[in-house]
Amino acid sequence: MSEFDLIIVGAGPAGMSAAATAAQGGLNVLLLDEQPQAGGQIYRNVGVNRSSRNWLGKDYASGRRFVDALDHANITTQFGATVWRLENGPRLVWSQNGVSTVSAAPHVLLAGGAQERPVPFPGWTLPGVMTAGSAQILMKTSGMLPKDAVLAGSGPLLYLIAAQMIDAGCPPKALVETQTTRMLFGAMLHLPRALFSAPTLVKGLSLIRKIQAAGVRRFKGAAQFEAQAEDNGAISFSFTHKGRRETLSTNLLLTHQGVIPSTHMSRSAGIAHVWNEAQVAFQPVAGVWGNTNVAGLHVAGESAGIGGAETAAASGELAALNILYQIGRISADARTQRAATARGALFRSRAIRPFLDAAYAPPPEILSPADETIVCRCEEVTASDIRQGISEGVSGHRQIKTSLRTGMGPCQGRMCDATVRGILSANTLQDPNMIPAPRARTPIKPVTLGELAAMAPKQKETA
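Below is a short write-up of the structure. (Residues numbered from 1 in each chain as written. Predicted model: local features only at pLDDT ≥ 70, side-chain atom pairs only at ≥ 80, totals over all residues. Heavy atoms only, no water.)

### Topic: the sheet that holds strand E14 (residues 235–241)
Hydrogen bonding along the main chain pairs the strands of a sheet, whether they run parallel or antiparallel. Spatially, three strands are ordered E13-E14-E15 in an open sheet, and the strand pairing comes out antiparallel. The sheet terminates laterally at strand E13 (223–229) and strand E15 (244–250), the two strands that pair on one side only. Averaged over all adjacent pairs, the angle separating strand axes in this sheet is 20 degrees, with direction ignored. With seven bridges connecting them, E14 and E15 associate as antiparallel partners. Across the sheet, residue Ser236 finds its bridge partner in E15, namely Ser249. (Pairing = 2+ DSSP bridges. Helix = DSSP H or I, 4+ residues; strand = E, 2+ residues; numbered from the N terminus. Axes fitted to C-alpha atoms, helices over the stretch in contact; angles between N-to-C directions.)

### A word on the side chain of Gln179
With respect to the helices and strands, Gln179 occurs in the loop between strand E11 (174–177) and helix H6 (181–187). Side-chain polar atoms of Gln179 contact the side chain of Tyr159, separated by 3.0 Å. The contacts of Gln179, once residues within four sequence positions are left out, are Gly153, Ser154, Tyr159, Arg218, Lys220, Gly221, Ala359 and Tyr360. (Polar contact = N/O pair within 3.5 Å; in protein donor to acceptor, adjacent residues only side chain to side chain. Contact = heavy atoms within 4.5 Å.)

### A look at empty space enclosed by the protein
A water-sized probe rolled over the atoms picks out the places where empty space is left. Throughout the structure, instances matching the rule amount to one cavity of 30 Å³ or more. Within this model, the largest cavity holds a volume of roughly 30 Å³. Around the largest cavity, the lining residues are Arg117, Pro118, Ile366, Leu367, Ala418 and Thr419. Going through the elements one at a time, helix H14 (364–367) and helix H17 (417–428) are the ones with two or more residues in the lining of the largest cavity. Considered class by class, the residues forming the lining of the largest cavity number four nonpolar, one polar and one charged. (1 Å grid on protein atoms, 1.4 Å probe; cavity = no way out; pocket = protein on both sides within 12 Å on 5 of 7 lines; lining within 4 Å. Points joined across faces, edges and corners; volume = space filled by probe spheres on them. Nonpolar A, V, L, I, M, F, W, Y, C, P; charged D, E, K, R; others polar.)

### Focus: the side chain of Thr373
Tracing the backbone through its elements, the reader meets Thr373 in the loop between H14 and strand E21 (374–376). For Thr373, the contacting residues outside a window of four places in its chain are Pro120, Phe121, Pro122, Trp124, Val381, Thr382 and Ala383.

See below:
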């Protein structure tokens, strides 16, 4: 019999909310996360930063309530734990400090969150070019501030980081934004529904006003990104803006084009996935309660579809309530009644998503970049290599992976799968929905041969 009733993978808003709800309902919960502290990306290190780094904002500080709720007798937390295999049972294998452990439970909730969408363009692999989310990790974990940085791309996160930089006393040198006026007008069709998330709209407008008041230059409708290394170690970042070629010199270029669900674990487990056209990404097929087509496996949070912290927390609570019902701790009526607040929060937080997806959609040149762009950073495969393979009859992720080794490096496709799909779609005129998601196999994350060998059954010595 399993020691735990529920194993949760991921200690972000969804995982923490689910753990607290399940534990309060009497379940024994094991919570696993790769990071040294609970919080996920949105609330990373929030438990440590209680009285410092106020420039991260009130929304960030609000995550303390989720971390505090983990202090429960029914919750066992394991941080620095990397899950690298998920089996039927359900059963999973996770690594911590070089030692692998097998854990099983009647129910497993995948709440691994999201990853930043790759932003490939010529020069994106240069030193000094990194994602905006990576810079925010350094801000939250070590207090390192991105001074005189250029923010390039699109999406609300760019505004948030810019505002945090301003409050920390190191405003960005410029914002180079790819969204266009036409995209904004198109998004207006979704504005009536977005008004259900009026507080979020107000927050977004206040961030933009803060950026404008700080005098930060903004280049909207920018395209054709290119970065080159200068002799002094700086980066020469050029782009097209209003028909002219502009160039900015910076020591730090932070890029962002939104986030996409992290699906390696759910795909490896055999959970069905569907193409989300609005978010230009695959996501697991799941019901409102987080249930999937695989018995015992549930998904919640950003790994089930992008929606933000409030959406993630609400979906985690709903998944936990459903698991309590399935185990027999609460009735169907009790589940429905207790879910009312979370379902209301879920509706309100999701209401703005169609507006944001339309207003800040990734541009075609990012989804299918120029020939000289390195697509697979691990194996240094360019967009030209992939297009040549397609012209010679290669089709589908699997054939491209076999012939060109894309996705066979340490990141296992996390940094190139989305771009390979974009190139496939653009050069074969296939509907992205008709291109199957690439297979994800064990180990989901790299593991040493020593760990595997240590797991082998000990052979009895014979005389």
